[in-house]
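Below, each chain spelled out in residue letters.
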Amino acid sequence: MPPIHRFTVSDLRYCLSFAVYLAVAVLTASLAGQLRQRVKEASEREAITSALYTLSTQVAASGNLDSVLNEIICHASNTFGLYAAILLPDASGKLVVRAQGSLQNKDHSATVEPRISRWVYEHGQMAGFGTNTNRDASLLYVPVKTESKTYGVMCIGAAQPLGIGVANSRIRIVQALAGLAAVCIARIHFEEQAKIAHLTAESERLRTALLDSISHELRTPLATILGAVTGMTESANVLSVEDQQELLLTVREGAMRMNRLVTNLLGMVRMESGMLRLKKQWCDVADIVGVALRQVQDSLQNRHVDIHLPNNLPAVAVDDVLIEQVLVNLLSNAIKFSPDDSSIRLDCMEYDGILTIRIRDEGIGINPNEVEKIFDKFYRSNNGKNIPGTGLGLAICKGVIEAHGGEIFARPAEGVGTIVTIRLPIDDSPEFPDDGVDIEQ
């Protein structure tokens with residue numbers, strides 16, 4: 001503006017233009033500064049959100065409370081430069097340090113004050129450094145709470161010496177960390193409660209099923225035995241030898257039925273408690289089958305058992321007592337669910353190092369959708385609800401066979417009946433000692 005290179009103004013209209021230009025420049029600079037500050041704040045919030053999201057994904061899948069709290073403490077220290085400690089009540093209600101980090105600056109020390117932490121826990125409000133309550137404290141105390149309950153207290157300090165402290169801009173970070181800790185604690189607490197409730201309901205269901213089954217299974221043979229013994233004692237003089245022999249057989253059958261029930265119960269207890277031990281030794285399959293058949297001989301009545309055992313079957317390394325119990329349970333099921341004058345077929349074969357035992361009956365059979373369920377504890381097939389039983393026999397068979405490294409499964413037979421198949425690996429290792437080998441399962 002003329003005059004050139006001078007500070008004087010020849011026309012007052014230029015002063016007005018200068019004022020307008022200056023005002024526009026100041027306004028523009030102010031808006032740019034505000035925009036720059038907002039961009040910086042947005043970047044910080046994005047970094048905080050990203051860090052908290054990463055932390056939340058890391059602790060979401062964990063079910064261990066200590067590992068979750070330690071992860072939050074480490075993240076607060078490494079990501080945000082904050083010293084943190086989390087206090088939770090113990091069984092007596094006293095607040096104890098459950099997880100604690102370390103200060104990056106060793107020249108600065110901060111101790112948790114029980115009086116302030118107790119006040120924060122009881123009132124659910126922040127206290128300590130930077131607040132209106134106990135502002136002279138060296139730490140910031142934040143309640144770890146949800147909408148319904150306060151679970152503990154988080155103590156926050158800065159990694160720099162006192163004087164910088166926890167800035168007001170980091171209050172959101174502290175509250176977010178405390179909120180995340182509260183959510184994780186509540187989740188783990190509810191998961192534990194749900195697990196306990198589930199176990200309690202399952203235990204109650206199993207106890208009810210066990211009591212119902214055992215009460216029926218025990219009363220029936222006991223009533224039979226008592227009736228037979230009473231008849232023999234009260235009518236001993238009028239009973240013939242044949243009648244007495246028949247009553248004795250009835251007593252023997254009832255006692256064997258009770259013995260099988262007790263054996264199954266003890267076997268299930270051993271498996272459930274993890275105390276099942278296999279005493280493996282080399283055994284002849286024909287001997288095991290013969291012992292099992294002798295145990296169920298009295299229950300066969302008019303049923304016929306067809307046995308097919310090849311002469312070249314190799315010896316198998318198994319616990320013969322447990323395998324005999326498995327065969328007794330399977331044969332007893334076949335007898336129980338098949339009509340009189342029917343046939344039961346037992347086949348044994350070996351192929352490619354696998355011993356296969358197959359038992360087929362001509363009974364009521366099973367539904368295709370029950371082939372997996374029948375091996376569950378206390379499960380009773382819909383086709384055999386009116387036939388007495390506890391639902392433990394097949395569950396014990398499955399546990400014993402799987403303990404030997406084998407498998408057992410069932411399927412409906414063509415026509416009528418059920419086929420149960422057992423597959424056991426034949427061990428080609430050196431011969432076991434005479435006293436067997438204990439293998440804890």
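Attention here is on the structure that accompanies the text. (Residues numbered from 1 in each chain as written. Predicted model: local features only at pLDDT ≥ 70, side-chain atom pairs only at ≥ 80, totals over all residues. Heavy atoms only, no water.)

1. A short note on the pattern of salt bridges
Note the following rule: Any Lys or Arg side-chain nitrogen located within 4 Å of an Asp or Glu carboxyl oxygen qualifies as a salt bridge. When accessible area is computed with a 1.4 Å probe and restricted to protein chains, residues below 20% of their type maximum are described as buried, those above 50% as exposed, and intermediate ones as partly exposed. Numbering goes from the N terminus for both helices and strands, where a helix is a DSSP run of H or I of at least four residues and a strand is a run of E of at least two.
Under the definition given, this model contains 6 salt bridges. Where Arg115 meets Glu113, a salt bridge forms, and the shortest distance between an N and an O atom there is 3.9 Å. By relative accessible area, Arg115 is classed as exposed at 55%. Measuring nitrogen to oxygen at the nearest pair gives 3.3 Å for the salt bridge that ties Glu191 to Arg187. Of the two residues, Glu191 and Arg187 both sit in helix H4 (residues 171–234), 4 residues apart, roughly one turn of that helix. Taking relative accessible area as the criterion, Glu191 reaches 39% and is therefore assigned partly exposed. Since its relative accessible area comes to 22%, Arg187 is described here as partly exposed.

2. Looking at helix H9 (residues 393–403)
Extensive coverage of H9 is indicated by the burial of 9 of its 11 residues. Of all the residues in H9, the buried ones are Gly393, Leu394, Ala395, Ile396, Cys397, Gly399, Val400, Ile401 and Ala403. Among the residues trailing H9, Gly405 stands out with phi positive, at a value near 80°.

3. A short note on the nonpolar core
Selection criterion: Buried Ala, Val, Leu, Ile, Met, Phe, Trp, Tyr and Cys residues that are joined via side-chain atoms within 4.5 Å together make up what is termed a nonpolar core. The contact criterion used throughout is that any non-hydrogen atoms of two residues lie within 4.5 Å.
Ranked by internal contacts, the top residues of the largest apolar core, which has 45 residues, are Leu327, Leu330, Leu331, Ile408 and Ile422. No other element matches helix H8 (residues 320–336), which puts 9 residues into this core. Apart from residues no more than four positions distant in its own chain, Leu330 is found in contact with Ile359, Leu394, Cys397, Ile408, Val420 and Ile422. Among the nonpolar cores identified, the runner-up in size contains 34 residues, and Leu82, Ile86, Ile173 and Ala186 belong to it.

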